[in-house]
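# Structure assessment
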Amino acid sequence: MLKRLLALSAVIIFLLCTNTARVFYLQVVRGEELSQKADSQQMRDTEITAMRGTIYDAEGNVLAQSATVWNIYIDPLAIDLEIADDDTAEKIAEKQKKSEERRTLLVDKFTELFEYDDEEKAEFLEKTKADNHYTVVEKKVENNIKEQISEFISENKLNFIGMEQTSKRYYPYDSLASSVIGFTGADDQGLSGLESYYDEQLTGTNGRVITAKDAVSNDISDDYETSVEATDGNSLVLTINQTIQYYLEKGLRETLEQYQAKGTYGVVMNCNTGAVLAMASLPDYDCNNPYKLTYSKNIEEIKEIEGKEEKQVAESAAVQNQWRNFTVNDTYVPGSVFKTFIASAALEENVVALNTTYNCTGSIKVQGWDRPMNCHYHAGHGVQTFTQGLENSCNPFFITVGQKLGVHNYFKYFDAFGFTQQTGIDLPGEALSQYYTEDKYTIVELSSASMGQTNSLSPIQVCTGISAIANGGKLVTPYLVSSILDSDGKTIKKTEPNIVRQVISSETAATVRGMMKSVVDNGTGKNGYVAGYSVGGKTGTSTKLGESKEGEGDKYIVSFAAIAPSDNPEIAMLIIVDEPNQDLGGGALCAPIAAEVAEQAMSVLGIEPKYDDKELENISGYAPSVTGKSLDEAKQEIELYGLKYTVIGNGDKVTRQCPTSAGTVPKGGTIYIYTDDSEKRMTKVPNFTGLTVNEAKSLASTNNLNLEVSGNNMNSGTVVAFRQSEDVDTEVEQGSVITVTFKNTESVLD
């Protein structure tokens, strides 16, 4: 009996030890793991995605915004009906059949809603057989599809489909300011532009909803639900003006396509504050679809690549190039635009004056250089004043000025204008300038730099430097975000303009502005002219050494810097065309873009034009209102305005007119007046491209149209039309006003 008791005790002790060890293993060793599994089975933890902050332009227009969308998930294990232990074979077969019907119903509906192909349908079918309670099957579904799924669930009494609220980023204007705004990834993280730079501010804090589940994973009473609300991200108010941005991109895009350039870039700044009013880098992209190629030239070149792998590499490179903001992320040799800074430094140091003269023979010999440094005008400009030297962009003149300035003074102003540091603009990836330090300069480097070669700067650096000349000599920090708003719309941060330093005196700045105005009035920048506004500018060209293939000519990057109005500037601008397919300078390619942008910017900023007597002769006026008046009264009033008329109909009272009194008509133009219920007389818009002003006026008259002349002041050279307000062959009413923009075709690579 004792032996039996001992044996039984040993067994009991062994079992107790085993159970104790098991309890220790489950509670201590695997305690946390099993606790998490229990929580996952008993609780549903749903994340509520916070809305990303909105991005507005300066006028409050939405440029980027998040909206509610839905992630659709299924519970694959709940699709199949539960088989009970006491189910008969017949009952099991019935449940299995019902389960397959439910699965087929689900697959067919989603195939219809999301337009799956056969492969996608097969993949979805596999997801419905997963061994888990949660599988996401569609992400960021729009509300209209979500409503159809809700209706489908309700009609068929399904408990294995669920929806989670999340958000999706929308860009209402597609590609507008894309190089500035950037885009987000699938996880709503900013990947480029302001979306990346301000990602932390734009990103909100997600909320949560924790709900208890029963044994079959169904949600139970709301009494067991705990929620934490999401906090939306902060919003950005930009300095970008939508109208100015539109016209900048319009001009750059037209030039990009017409001249099949590698790229076209532009920056427009409020020269007094540093606020960036417009910024563009083309080719660009649609923020809603950033991985799609947009530039026809790139698309065609990639089509010609035969190898699949090579084609994929080229396409990936082209897409990434679309994302780059050249104005901030890259550098270029500024060419003759840099002469404005040399002029500023030389005048400030009193080594030259406006009446300083130089005799340009077409080249200059520089000590230590084995061949002459040429002027772009090989015949030579002859004797010029300092202002004429800038007008003509004379290289030998500015080499001489740079040598008078000396290495130390040259580098002092190079540094003072901000060319040795980043500007600090609020965008990611600002490029570092490439330049010789002061101790590396010889007379050769100084001479080359003085005409705009040698150093490589970012466009935003150059535009910021031009702003300093425009605003009286103060270097300012450029910026894109004027204020940050919290989720309630309250301003939590406001950007204040930052003056870095005084670079040159206000007197020197005013003198250089006058020289830049003369460049537009009399020099290489004639196409930057805008009637009623005194625009100043400077053209530039730099050769891209080492980038041309054998048998090709040199590749160029051409530019035009502008300020307006030059007597009291509000804006500074830089326009760049990279590798155009014709040897045309910044005066021919960039200045016309700057002129149109400047005109629109002046209107946006409320700056009234001031016309001189000659300009007044060509300015359009409002058409007189003669509708409802007798024919005789109408004729007299039209003639009083110095206009002509054409009568349509046989009545004695004017029933309608074109142009209407709400529109303008050029001086000497014609108003078409109807005196009965005759149908509108229509005409097709002809092609004015390449015509002189007189030829265009004659063609307009032949087609019963009024012609408004815009663009170059036509002081000299051959001036031809290059842009018109209505497309060729567009049907318009007779008497309509067609605005045709003209430019000077004389072009120099300066």
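This text goes with the structure placed above it.
Residues numbered from 1 in each chain as written. Predicted model: local features only at pLDDT ≥ 70, side-chain atom pairs only at ≥ 80, totals over all residues. Heavy atoms only, no water.

As a further point, take the overall build of the chain. Summing up its helical and strand segments, the chain has 25 helices and 31 strands in all. In summary, the chain has a C-alpha radius of gyration of 36 Å against a globular reference of 27 Å for 750 residues, an excess of more than 25%. C-alpha atoms of the chain, sized along the principal axes, occupy 135 × 85 × 55 Å. Carbon and sulfur atoms provide 48% of the accessible area of the chain, an area that totals close to 36200 Å². Positive and negative charge centroids in the chain, built from 66 and 107 side chains respectively, lie 2 Å apart. (Helix = DSSP H or I, 4+ residues; strand = E, 2+ residues; numbered from the N terminus. Rg over C-alpha atoms; globule rule 2.2 N^0.38 Å. Areas by Shrake-Rupley, 256 points an atom, 1.4 Å probe, with all protein chains shown as cover. Lys, Arg positive; Asp, Glu negative; His and termini not counted. Charge placed at Lys NZ, Arg CZ, Asp CG, Glu CD.)

What follows deals with the sheet that holds strand E9 (residues 263-270). One open sheet accounts for five strands, arranged E10-E9-E21-E20-E19; its pairing is antiparallel. For this open sheet the edge positions go to strand E10 (276-282) and strand E19 (536-543), each flanked by a neighbour on one side alone. Here the strands of the sheet are splayed against their neighbours by 10° on average, with no regard to which way each runs. Across eight bridges, the pairing between E9 and strand E21 (residues 571-578) is antiparallel. Paired with methionine 269 across the two strands is alanine 572, which belongs to E21. (Pairing = 2+ DSSP bridges. Axes fitted to C-alpha atoms, helices over the stretch in contact; angles between N-to-C directions.)

Before going further, it helps to examine unusual backbone geometry. A cis amide bond, omega 5°, links leucine 282 with the succeeding residue proline 283. Note that proline 283 resides in the loop between E10 and helix H11 (296-303). The omega torsion across alanine 564 and proline 565 is -20°, close enough to zero to call that bond cis. Structurally, the position occupied by proline 565 is in the loop between strand E20 (556-564) and E21.

Enumeration according to the criterion identifies 28 salt bridges in this entry. Of the charged contacts, one joins glutamate 349 and lysine 412 as a salt bridge, the two residues approaching to 3.1 Å between their closest N and O atoms. With glutamate 349 in the loop between helix H14 (339-348) and strand E11 (357-360) and lysine 412 in helix H17 (residues 407-416), this pair connects stretches of sequence that are 63 residues apart. Residue glutamate 349 is classed as partly exposed on the basis of its relative accessible area, which comes to 24%. Judged by relative accessible area, lysine 412 falls into the partly exposed class, the value being 37%. Note that glutamate 637 and lysine 629 form a salt bridge whose closest N and O atoms lie 2.4 Å from each other. For lysine 629, a relative accessible area of 28% corresponds to the partly exposed category. Overlapping salt bridges, with partners in common, bring together Arg52, Arg169, Glu195 and Asp199 in one network. (Salt bridge = Lys/Arg side-chain N within 4 Å of Asp/Glu carboxyl O. Buried < 20%, exposed > 50% of the residue type's maximum accessible area, 1.4 Å probe, protein only.)

Quick look at the pairing of strand E3 (residues 62-74) now. Bridging between strand E2 (residues 55-56) and E3 involves two bridges; their strand directions are antiparallel. Note that in E3 the partner of tyrosine 56 across the bridge is valine 62. With antiparallel pairing between neighbouring strands as the criterion, E2 and E3 make up a hairpin whose turn holds five residues, including glycine 60 at a positive phi of roughly 90°. Direction of pairing for E3 relative to strand E5 (residues 161-170): antiparallel, over a ladder of 10 bridges.

A cluster of acidic side chains, namely Asp117, Asp118, Glu119, Glu120 and Glu123, defines a negative patch on the protein surface. As for its position among the elements, glutamate 120 is in helix H5 (residues 118-127). (Patch = residues over 30% accessible without salt bridge, like charges linked within 9 Å, V, L, I, M, F, W, Y side chains within 5 Å.)

It is worth spelling out the packing of helix H16 (residues 395-405) against helix H18 (residues 443-450) at this point. At a closest axis distance of 8 Å, the pairing of H16 and H18 adopts a crossing angle of 130°. In terms of orientation, H16 lies oblique with respect to H18. The crossing of H16 and H18 is right-handed. Across the interface between the two elements, Phe398, Ile399, Gly402 and Gln403 from H16 touch Ile443, Leu446, Ser447 and Ser450 from H18. Partitioning the contact of H16 with H18 into residue classes produces four nonpolar, four polar and no charged. (Parallel < 35°, antiparallel > 145°, perpendicular 65-115°, else oblique. Left-handed = near helix turned anticlockwise from the far one by under 90°. Contact = heavy atoms within 4.5 Å. Nonpolar A, V, L, I, M, F, W, Y, C, P; charged D, E, K, R; others polar.)

In this model, helix H12 (residues 308-323) (16 residues) spans 23 Å end to end at C-alpha, consistent with the 22 Å of a helix rising 1.5 Å per residue. Along H12, the residues that are buried comprise Ala318, Val319 and Gln322. Buried positions in H12, seen along its axis, are confined to an arc of 100° and lie on one side of it. Those residues of H12 that are exposed and angled more than 90 degrees off the buried face are Glu309 and Val313. Among the structural elements, H11 are those in contact with the buried residues of H12. (Expected span 1.5 Å × (residues − 1). Arc of directions from axis to C-beta.)

Strands sit in the order E23-E26-E24 across an open sheet of three strands; the sheet is mixed. Only two strands of the sheet have a single partner each, and these edge strands are strand E23 (644-648) and strand E24 (656-658). Within the sheet, the average angular offset between the axes of one strand and its neighbour, ignoring direction, is 25°. Sheet topology note: the E24/strand E26 (residues 670-674) ladder contains three bridges and is antiparallel. Within E26, the position partnered with cysteine 658 by the bridge is tyrosine 672. Strands E23 and E26 of the sheet are contacted by helix H24 (residues 631-640), whose axis makes an angle of about 155° with E23.

Turning to the nonpolar core, a few remarks are in order. Counting residues in hydrophobic clusters, the biggest one holds 88 residues, and the most contacted among them are Met279, Phe386, Tyr410 and Phe417. The leading source of residues in this core is helix H19 (residues 459-470), at seven residues. Non-local contacts of tyrosine 410, meaning those with residues more than four positions away in its chain, are made with Phe338, Ile342, Leu405, Tyr441, Leu446, Ala449 and Asn455. Counting 39 residues, the second-largest nonpolar core is a separate cluster that includes Leu248, Leu277, Tyr295 and Met602. (Core = buried A, V, L, I, M, F, W, Y, C linked by side-chain atoms within 4.5 Å.)

Before going further, it helps to examine the pairing of E20. Burial analysis of E20 places nine of its nine residues in the buried class, which makes it a mostly covered element. Residues Tyr556, Val558, Phe560, Ala562 and Ala564 point to one face of E20 and Ile557, Ser559, Ala561 and Ile563 to the other, with burial holding for every one of them. With eight bridges joining them, E19 and E20 adopt antiparallel strand pairing. Paired with glycine 536 across the bridge in E20 is isoleucine 563. Bridge count between E20 and E21: eight bridges; the pairing is antiparallel. Across the sheet, residue valine 558 finds its bridge partner in E21, namely valine 577.

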